[in-house]
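Take a look at the letters that make up each chain.
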Amino acid sequence: MKRLGVFVCHCGLNISDTVDVKKVVETINKHPNVAYAVDYTYMCSDPGQEMIKSAIKEKKLDGVIVAACSPTLHEITFRNAIATAGLNPYQFENANIREQCSWVHKDKNTATEKAVEIIKSMIEKLKLNQSLTAINIPITKKALVIGGGISGMQAALDIANSGFEVILVEKTSSIGGRMSQLSETFPTLDCASCILTPKTVEVGHHPKIKLITYSEIEEVEGYLGNFKVKIKRKPAFVDWDKCTGCGLCSEKCPTNVPSEFDRNMGTRKAIYIPFPQAVPKKPVIDSKNCIYFKTGKCRLCEKQCPTDAIDYNQKETFIEENVGVIIVATGFDILSKENIGEYGYGKYKDVIDGLQFERLLSASGPTAGKIKRPSDGKIPEEVVFVQCVGSRDPEHGMPYCSKICCMYTAKHALLYKHAVHEGQAYVFYIDIRSGGKGYEEFVQRAIEDEEIVYLRGKVSKIFKDSGEDGKLIVWGVDTLTGKKIEISADMVVLAMAAVPNIGVKELAKKLKISTDAHGFITEAHPKLRPVETLTAGIFLTGCVQAPKDIPETVAQASGAAARAITILSKPELEMDPLISTVDEEICTGCGVCVEVCSYKARELNEIKKIAEVNEALCIGCGACISACPSNASIHKNFTKEQILRMIEEVT
Amino acid sequence: MELCYYPGCTLKTTAKNFELPAIASIEKLGHKMVELPRWNCCGTVHSLAADDLMHQLAPIRTLIRVSETGADKVVTLCAMCYNTLKQANKIILEDNEKRDRINNFLDEEKDYSGNVSVLHLLEFLRDEVGFEEIKKRVKRPLDDLKLSPYYGCLLLRPEGIGIDDIEAPRIMEDLIEALGGEAVDSPFKSECCGSYHTVDDIDPVIERTKMIIDDSNARGADAIVVGCPLCFYNLDYRQKDAKERYKEFNSIPIFYFTQILAIALGLDESTCAFGEHFVDPRPMLLNKNLVLSGWK
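Quick caveat, the model's predicted, so the values are computed rather than measured.

Peer 1: It is not clear to me how the overall build of chain B should be interpreted in this structure. Could you clarify?
Peer 2: What chain B contains, in helices and strands, is 14 helices and 8 strands. By principal-axis analysis of the C-alpha atoms, chain B measures approximately 60 × 45 × 35 Å. Split into buried and exposed, the 296 residues of chain B put 48% on the buried side. Counted over contacts in chain B with a minimum sequence separation of 6, partners at least 24 positions apart contribute 77%.

Peer 1: Would you explain the overall build of chain A in this entry?
Peer 2: Assigned secondary structure in chain A consists of 17 helices and 34 strands. In terms of principal-axis extent, the alpha carbons of chain A reach across some 100 × 70 × 40 Å. Of all intrachain contacts in chain A linking residues separated by at least 6 positions in sequence, the fraction that spans at least 24 positions is 69%.

Peer 1: Where do I start with the domain arrangement of chain B in this structure?
Peer 2: Interface size, as often reported, equals the accessible area lost upon joining of the parts. Residue and element names in this part refer to chain B. Each assigned domain of chain B is listed with its residue range as follows: domain 1 (2–121) and domain 2 (139–295). Just the C-alpha atoms count here: the centres of domain 1 and domain 2 sit 25 Å apart. The interface is formed by 22 residues belonging to domain 1 together with 21 residues belonging to domain 2. Those elements that provide at least two residues to the side of domain 1 that touches domain 2 are helix H1 (8–12), helix H2 (16–28) and helix H5 (79–94). Ranked by the residues each element gives to the side of domain 1 that touches domain 2, the list is headed by H2, at 8 residues. Each residue belonging to the side of domain 1 that touches domain 2 can be placed in one class, and the counts come to 13 nonpolar, 6 polar and 3 charged.

Peer 1: Looking at this structure, I do not really get the sheet that holds strand E11 (residues 215–223) of chain A. What am I missing?
Peer 2: Strand pairing in a sheet is mediated by backbone hydrogen bonds. Such pairs are either parallel or antiparallel. All names here are of chain A. Read across the sheet, 3 strands follow the order E11-E12-E17 without closing on themselves; strand pairing throughout is antiparallel. Bordering the open sheet on either side are E11 and strand E17 (317–323), each of which pairs with just one other strand. On average, each strand axis in the sheet is inclined to that of its neighbour by 20°, with strand direction left out of account. Pairing analysis gives 8 bridges linking E11 to strand E12 (residues 226–233), with the strands arranged antiparallel. Residue pairing in the sheet places tyrosine 223 in a bridge with asparagine 226 of E12.

Peer 1: Would you mind showing me how to read the nonpolar core here?
Peer 2: Generally speaking, soluble globular proteins have nonpolar side chains that are buried together. Residue and element names in this part refer to chain A. One finds Ala143, Ala156, Ile327 and Val492 to be the most contacted residues of the largest nonpolar core, which totals 135 residues. Of all the elements, helix H11 (residues 405–419) adds the most residues to this core, at 9 residues. Apart from the residues lying within four places of it in its own chain, the contact partners of isoleucine 327 are Ala143, Val145, Ile146, Ala155, Phe539, Thr541, Ala560 and Ala564.

Peer 1: Mind showing me how you'd approach the environment of Leu142(B) here?
Peer 2: Mapped onto the elements, Leu142(B) comes out in the loop between helix H8 (131–137) and strand E5 (146–150). In sequence terms Leu142(B) and Ala223(B) are 81 residues apart; their C-alpha atoms lie 12 Å from each other.

Peer 1: Whenever I open this one, helix H5 (residues 150–161) of chain A confuses me. Can you help?
Peer 2: All names here are of chain A. Between its first and last C-alpha atoms H5 spans 16 Å; for 12 residues at 1.5 Å apiece the expected length is 16 Å, and the two agree. Among the 12 residues that make up H5, 11 are buried, leaving the element largely enclosed by the rest of the structure. Among all positions in H5, only Ile150, Ser151, Gly152, Met153, Gln154, Ala155, Ala156, Leu157, Asp158, Ile159 and Ala160 are buried. The inward-facing, buried residues of H5 contact strand E6 (142–146), strand E7 (165–169), helix H6 (192–205), strand E10 (209–212), strand E18 (325–328) and helix H14 (550–568). Phi turns positive one or two residues past the end of H5, at glycine 163, with a value near 100°.

Peer 1: Please explain the domain arrangement of chain A as it appears in this structure.
Peer 2: Looking at chain A, the domain boundaries give domain 1 (4–127), domain 2 (142–234 + 316–331 + 501–568), domain 3 (248–304), domain 4 (334–499) and domain 5 (579–635). Look at where the C-alpha atoms of domain 1 of chain A and domain 4 of chain A centre, and you get two points 64 Å apart.

Peer 1: Where do I start with the sheet that holds strand E2 (residues 34–40) of chain A in this structure?
Peer 2: All names here are of chain A. Taken together, the 4 strands give an open sheet; going across it, the order is E2-E1-E3-E4, and neighbouring strands pair in parallel fashion. Two strands close off the open sheet at either side, each with one partner strand: E2 and strand E4 (92–96). Each neighbouring strand pair of the sheet contributes to a mean axis angle of 15°, computed without reference to strand direction. In the sheet, strand E1 (residues 4–9) pairs with strand E3 (residues 63–68) via 5 bridges, with the strands oriented parallel. Bridging from a neighbouring strand, phenylalanine 7 pairs with valine 66 of E3.

Peer 1: Would you explain the packing of H5(A) against H6(A) in this entry?
Peer 2: To characterise two packed helices, one gives the angle between the axes of the helices and the distance between these axes. All names here are of chain A. Contact geometry for H5 and H6: axes closest at 10 Å, N-to-C directions at 50°. In terms of orientation, H5 and H6 fall into the oblique class. The handedness of the crossing between H5 and H6 is left-handed. Packed against H5, whose contacting residues are Ile150, Met153, Ala156 and Leu157, the element H6 presents Leu196, Lys199, Thr200, Glu202 and Val203 at the interface. For the contact of H5 with H6, a count of residues per class yields 6 nonpolar, 1 polar and 2 charged.

Peer 1: Sorry, what's going on with unusual backbone geometry here?
Peer 2: Excluding glycine, residues mostly carry a negative phi; peptide bonds, for their part, are mostly trans. A cis geometry characterises the amide bond from Phe186(A) onward to Pro187(A), with omega recorded as -5°. Counting through the fold element by element, Pro187(A) comes out in the loop between strand E8 (184–185) and strand E9 (190–191). Cis peptide bonds are those with omega within 30 degrees of zero, and the linkage from Arg157(B) to Pro158(B) qualifies with -5°. The residue Cys11(A) is not glycine, and still its phi comes out positive at about 50°. Structurally, Cys11(A) is set in the loop between E1 and helix H1 (21–28). Classification of Cys11(A) by C-beta neighbours within 10 Å gives buried; the count is 21.

Peer 1: I'm lost on the environment of Val21(A) in this one. Help?
Peer 2: All names here are of chain A. Inspection of the secondary structure puts valine 21 in helix H1. Residue classification places valine 21 among the buried positions, given that 23 C-beta atoms sit within 10 Å. For the pair valine 21 and arginine 602, spaced 581 residues apart in sequence, the C-alpha to C-alpha distance is 44 Å. In contact with valine 21, not counting residues within four places along its chain, are Val8, His10, Ile15, Ser16 and Asp39.

Peer 1: Just to check I follow, could you spell out the packing of helix H4 (residues 108–127) of chain A against helix H17 (residues 640–650) of chain A for this structure?
Peer 2: Residue and element names in this part refer to chain A. Axis separation between H4 and H17 bottoms out at 8 Å; the angle between their running directions is 150°. With respect to H17, the element H4 is oriented roughly antiparallel. Handedness of the crossing formed by H4 with H17: right-handed. Across the interface between the two elements, Glu117, Lys120, Ser121, Glu124 and Lys125 from H4 touch Gln642, Arg645, Met646, Glu649 and Val650 from H17.

Peer 1: What is the right way to read the pairing of E6(A) from this model?
Peer 2: In the case of a regular strand, side chains alternate between the two sheet surfaces. All names here are of chain A. With respect to burial, E6 is a largely interior element, 4 of its 5 residues being buried. Sheet topology places E6 next to E7; 5 bridges connect them, and they run parallel. Bridge pairing links valine 145 to leucine 168 in E7. Once the chain exits E6 it traverses H5 before rejoining the sheet at E7, and the crossover so formed is right-handed. For E6 and E18, the ladder comprises 4 bridges, and the chain directions are parallel. Opposite valine 145, over in E18, you have isoleucine 327 as the bridge partner.

Peer 1: I tried to follow helix H13 (residues 257–264) of chain B on my own but got confused; where do I start?
Peer 2: Every α-helix winds through 3.6 residues per turn, so residues three or four apart in the chain are directed the same way. Residue and element names in this part refer to chain B. Counting buried residues along H13, 8 of its 8 residues qualify, which places the element largely inside the surrounding structure. Taken together, the buried positions of H13 are occupied by Phe257, Thr258, Gln259, Ile260, Leu261, Ala262, Ile263 and Ala264. Here the buried face of H13 lies against H2, helix H7 (121–129), E5, helix H9 (171–178), strand E7 (223–226) and strand E8 (254–256). Just beyond H13, the residue with positive phi is glycine 266, at close to 85°.

Peer 1: Mind showing me how you'd approach the environment of Arg208(B) here?
Peer 2: Residues and elements named next belong to chain B. Within the fold, arginine 208 resides in helix H11 (residues 202–218). Considered as a pair, arginine 208 and cysteine 228 are 20 residues apart in the sequence and their alpha carbons are 16 Å apart. In contact with arginine 208, not counting residues within four places along its chain, are Glu191, Cys192, Cys193 and Gly194.

What counts, and at which threshold
Residues numbered from 1 in each chain as written. Chains lettered and ligands numbered in written order. Predicted model: local features only at pLDDT ≥ 70, side-chain atom pairs only at ≥ 80, totals over all residues. Helix = DSSP H or I, 4+ residues; strand = E, 2+ residues; numbered from the N terminus. Buried ≥ 20, exposed ≤ 12 C-beta atoms within 10 Å, placed from the backbone. Contact = placed C-beta atoms within 7 Å. Domains from an automatic or database assignment. Nonpolar A, V, L, I, M, F, W, Y, C, P; charged D, E, K, R; others polar. Pairing = 2+ DSSP bridges. Axes fitted to C-alpha atoms, helices over the stretch in contact; angles between N-to-C directions. Core = buried A, V, L, I, M, F, W, Y, C linked by C-beta atoms within 7 Å. Expected span 1.5 Å × (residues − 1). Parallel < 35°, antiparallel > 145°, perpendicular 65-115°, else oblique. Left-handed = near helix turned anticlockwise from the far one by under 90°. Right-handed = clockwise from strand over helix to strand, strands pointing away.

So, in structure tokens, the structure goes:
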């Protein structure tokens, strides 16, 4: 017969106010299995744990019950404590007399009786508990990073520099992400390309990083430590192994298409490298616009190519990789102007979004860094910047703050003034959120030194003047003076809301991770687990979680990488053994359990004609146990016999 | 189809010349507008401005009258009536507590459950007749006629009540184009006309009228088309005051949408009583060969 110890916690007054702990100890001491019972103010404290450890040795206990709070709080604490005292950690049970007893009752007598009943039923369970050992699972020492923006690149570099292999998958043909579209960065005004290219080059050349661009995630299977990923590589119609990136093909291509990279303000060819610093610097053919694909004639690029790299017959291919961890870094997009009716639903050419303005400022942009308005190339003399377009606006479905706009708008207005000295910039804002090192000083510099007019209020309407000069009339309000404002502007720049990139929902579905109401990926805990998802082994970083600026993104990337490395650096994964198992003698191999299992942890062994449990996938939910018609499914340390005895004890 | 029609006060008094061409046009299009018996006030601005249920009784009693006729929809010509009836109906549909209070209070009436749908005639033309169909029935296309639609507030706001997109409505543009005219876009088409300020403080009304009309003139419109009698009053009659205040002010004719519909369908323009407009559109229409020359 097991010799059990029962330790009753007061939890300060949380339990002892409603439960007479002394009486509980006195009553439970009479139980035939209880060799020792005692109470203490805080069982989870160091002295509390010491009491348990010394009692195990002195009283020769072979099982421990702590009657305290919910097992979600301290089960692990007490398991570890009894393990250090030499007992198997699964010879422990947590009787919950706080959440399920003291907190929900008023009458002390009833609560005390109930506490005793709860403990007694746990004794029945513990009596039949087996000693279990943790399950060890091997880990594939390789990481997958999805998204090749600054966030994904930083995470990939951190993991690769720790000695682990990384597969970096990017949807477009080059890494670099949103940051490669930016001109200069706040608050230091470093050139974005200048600080980004060292990273892209390092990623491109890193011996531990396998770069797979122009590709998307097709399928994800498996679990923490052992993911199996199928990657779809879209056809570039160029053999990148042969291609030297000389660019002759693009030069000779006769088709001009609006450039996505330049936000449709410049053009690119049908065979193109998206921007000069692209990594890898290899072109792709846009088959929707290519003359050959449309008419069967042309083939100019093929004739030009010195290395015979053009391959019009290229098909999509699939690459399979095994990885131990996954980091999601798919970044953000900005809301399209077409959604905002009061600013013209995108019909005015000179009403542009912030990313378009970045391209106007960029030396490699469509105007070679000269600020010219899109409609007629005129240098704008009056520019209105509007913050919070779509953001902080429940009417447009985005009640959240996009976080980066206050800063980049100040930067835009300031760079505009640097380029057009006589020009006037106006900024409409709700309030200025400039939390960050050197940020507030930067905004003040824009307001005071550059004489940018900051107006607190929203813009109600933008429309085209009836005159010939193509002026845009901006109607707004200055809520500080209470006056209606009308500005006749040459150009308007909208700080559009940041939204998740397209395709994130589908990707989240494939990865079995969740998204929030706005489509951003949900973190496991908003404060304490900000880089993890709720699926073990899948991490997130950057704007896929919520809008954030570059320094924050880079920091989060390193955080996600560190969490991934914690897993990759372990020799094996230790998993909780409290999962299901199969009594092979009884199992008929009917397969019901395979169907009910949501975690794909069950499969049929065709040779033995029985169901088997994948111990790495099973989480011990119990669905297979209740589904099994022949009682062959068993939950370790939660068997039907244990449950029946527990019920018997309390009835 | 017989169409239950709620006129409201204005259409029976100062805006009779918007109602008659509507009734005639709808008949020409193969439907019949049947006036609701025992109708009362729509609640007007009071039901929109007061945050209580008492002011909803007038529009709801009207809706009860409609359901008593067995009709499941009611059509209005006035933007204000449309707005008050539809908002009152929305309260009944979406707030069970308010619905029960109103029904308990109106104890001499049958309980009302919100089953009547409220339509502005423009919606009926778009959704039930169809602009393609109207286009086929046009006898006198409004060729060369540049018309600037003006919606004002009550046809479009608030969201969920308005008959079209608040920021970029198309319904009147589409009607104008179906009738053969050219729609001239104006950024002020959904701005306020000054509304009831016209009775106590005409200053802002004059300014709004001038702003709206100056812009339509600048964009080359021959006339403005409205769907609300109050907008009509402010844009038409207040031109007199605008003219007195601003010597350079250029006037422009204002049409009710039912009037251009009647003209295009080839009906006798005498029902439109254009002589009662402050800016008589007939000289302009005559210029475009759209009215008979004998009116003088």
